[in-house]
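Reading the structure
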Amino acid sequence: MRNKRLKAQLWDKTQFFLSNFYDRMMHYAIFYEGSLDIDIIRKSVKAVVDKVPTLHSQYVASPIKPYWKVREDYTLEEMAEIEEVEDLEKSTYDFLMGEVSHKDKLQFKCKVFTCKDKCSFATIVNHQCFDGSDYKYVMFKIVEYYNAFVKGGNGDNVVFKQGTRDFSQIYENMEPNAAKKAKGLYNNISRTGIKTRFRFTDDKDCTKRLIMKMIPKELFDKVKAKGKAVGASINDVMLTAYFRALVKEIGCKKDEPINITSMMDLRRHMLNGDTVGVTNMTAFMPCKLSEGIGGSFEDTLSRVKEQTLKQKNDDVAGLYSLPLLALAYKVFQIDCIATFAIKIGYENPFIQMSNLGIMKPEQVNFEGCSMYDCVMTGAVKYKPYFQFTCLTREGNMKFCVAEKCSDRDEKLIRGFFDDMEAELEGYIKI
């Protein structure tokens, strides 16, 4: 019997050719007080995998027309492994630095680590399958299935989206004039004209690593409150601190143009704010300060707010360049030629930010377990590319940079974190 094939979507193909810049994995781990039943974990993971075909498919990078080759020959035992360890954090983070080949029949790895009365649930997934929003969705559904099974249910009450993965769904529920406008946006916003880079060393002895810092609830609460008082979102304030710390680290002038590109979730344009199937639905959103950061934190925040307000008021925000990508794949019907053309016109941002939002205990707590820490991040970047991510848990914000770098580079990144925290501390004292 011939294996079923799935069409490779826009971002499936684009994520694949970006593999030169990062490891193409997404990384997720929750740490718990309590223990997990590996048999029920496997059953829960399989319940989700059965419903997401790309998770049990090989990506065939055909030069003519790439596609997903769906595999059905996977077993319950392959859904997850379990290991008892001495150092829960180290073992978990070491696992997260692994990779999944696009040629594998399963596009994820899942493992439970146990250590005395604690455990962790860790996964890595090929970014071609879906983006960060749907990654969280998939993980939350595994928890939902697990809790249903533990309570004696069969999981039939778990609702799971299984619609199309095609990016064209973005236009289907837009106001007609906005949809028409969006489909004609051939602007190449990836080219900002600014070449700002993080100050990495020239060290060649590099390894993949997660570099993290926790911002305490007390500071985070004060920062949120102060920003809210002037009409700034927490994202505006974090972006402001990022700009200012970056300028200090790289040593550029305060009036020198600088850009940070954020990842925008395009679900904001969709009916009920969600995709109909598990897929990638994100886009680049540059925040370009043409006249630099200015003198004070308030100066920078004012300039950031001006840029983000434009985006909030733009009914097609984030949709620029998507028609250009789609056109390239359509005009150059041989995919390898389309990819070559895109590489010529496309510019991968050197400096990025991704706010992954809030990780709520009720969404991630398995029955009998209580979350005490978590980590989630996108792909591990390769120098000179740099991405700062943040994730909030119970009022604490965790900074994370996933980078293939040296010990000296890690020291620079930790200095950057300290600078960001100092900027936030300074802001609440103004």
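The structure we're discussing is the one just above.
Residues numbered from 1 in each chain as written. Predicted model: local features only at pLDDT ≥ 70, side-chain atom pairs only at ≥ 80, totals over all residues. Heavy atoms only, no water.

On to helix α12 (residues 407–429), then. The end-to-end C-alpha distance of α12, which contains 23 residues, comes to 33 Å, matching closely the 33 Å that a straight helix rising 1.5 Å per residue would cover. Within α12, burial applies to Asp-409, Glu-410, Leu-412, Ile-413, Phe-416, Phe-417, Asp-419, Met-420, Glu-421, Leu-424 and Tyr-427. (Helix = DSSP H or I, 4+ residues; strand = E, 2+ residues; numbered from the N terminus. Expected span 1.5 Å × (residues − 1). Buried < 20%, exposed > 50% of the residue type's maximum accessible area, 1.4 Å probe, protein only.)

Time to look at the pairing of strand β3 (residues 57–60). Across four bridges, the pairing between β3 and strand β4 (residues 67–70) is antiparallel. Bridge pairing in β4 links Tyr-59 to Trp-68. (Pairing = 2+ DSSP bridges.)

Spanning 19 residues, helix α4 (residues 132–150) covers 27 Å between terminal C-alpha atoms, matching the ideal 27 Å at 1.5 Å per step. The buried count for α4 comes to 15 of 19 residues, which makes it a mostly enclosed element. N-capping of α4 is provided by Asp-131, with a side-chain oxygen placed 3.3 Å from the backbone N of Ser-133. (Polar contact = N/O pair within 3.5 Å; in protein donor to acceptor, adjacent residues only side chain to side chain.)

Turning our attention to the packing of aromatic side chains. Any pair of aromatic rings gets described here by the distance separating the centres and the angle formed by the planes. All chains considered together, the criterion is met by 30 aromatic pairs. With 4.4 Å between their ring centres and 20° between their planes, Phe-297 and Tyr-427 make a pair best called stacked. Pair noted here: Phe-297 is in helix α8 (residues 297–312) and Tyr-427 is in helix α12, with a separation of 130 residues, a long-range link. Grouping residues by exposure puts Phe-297 and Tyr-427 together as buried. An aromatic cluster is defined as three or more aromatic residues linked by ring pairs; in this entry it consists of Phe-198, Phe-200, Tyr-242, Phe-386, Phe-388, Phe-399, Phe-416 and Phe-417. The aromatic ring of Tyr-137 is capped on one face by Lys-161, whose charged end is 4.6 Å from the ring centroid. (Phe/Tyr/Trp six-rings, centres within 6.5 Å; stacked < 30°, edge-to-face > 60°. Lys NZ or Arg CZ within 6 Å of the ring centre and 35° of its normal.)

As enumerated under the stated definition, the model contains 33 salt bridges in all. Note that Lys-151 and Glu-367 form a salt bridge whose closest N and O atoms lie 3.9 Å from each other. Placement of the pair is Lys-151 in the loop between α4 and α5 (176–183) and Glu-367 in the loop between α11 (361–364) and β12 (370–377), with a sequence separation of 216 residues. Note on Lys-151: relative accessible area 61%, which makes it exposed. According to the relative accessible area criterion, Glu-367 is partly exposed, its value standing at 37%. The closest approach of N and O atoms between Arg-414 and Glu-410, which form a salt bridge, is 3.0 Å. Here the residue Arg-414 and the residue Glu-410 both occupy positions in helix α12, the gap between them amounting to four residues, near one helical turn. Judged by relative accessible area, Glu-410 falls into the buried class, the value being 18%. A network of salt bridges, in which partner residues are shared, links Asp-131, Asp-134, Lys-161, Asp-265, Arg-267 and Asp-274. (Salt bridge = Lys/Arg side-chain N within 4 Å of Asp/Glu carboxyl O.)

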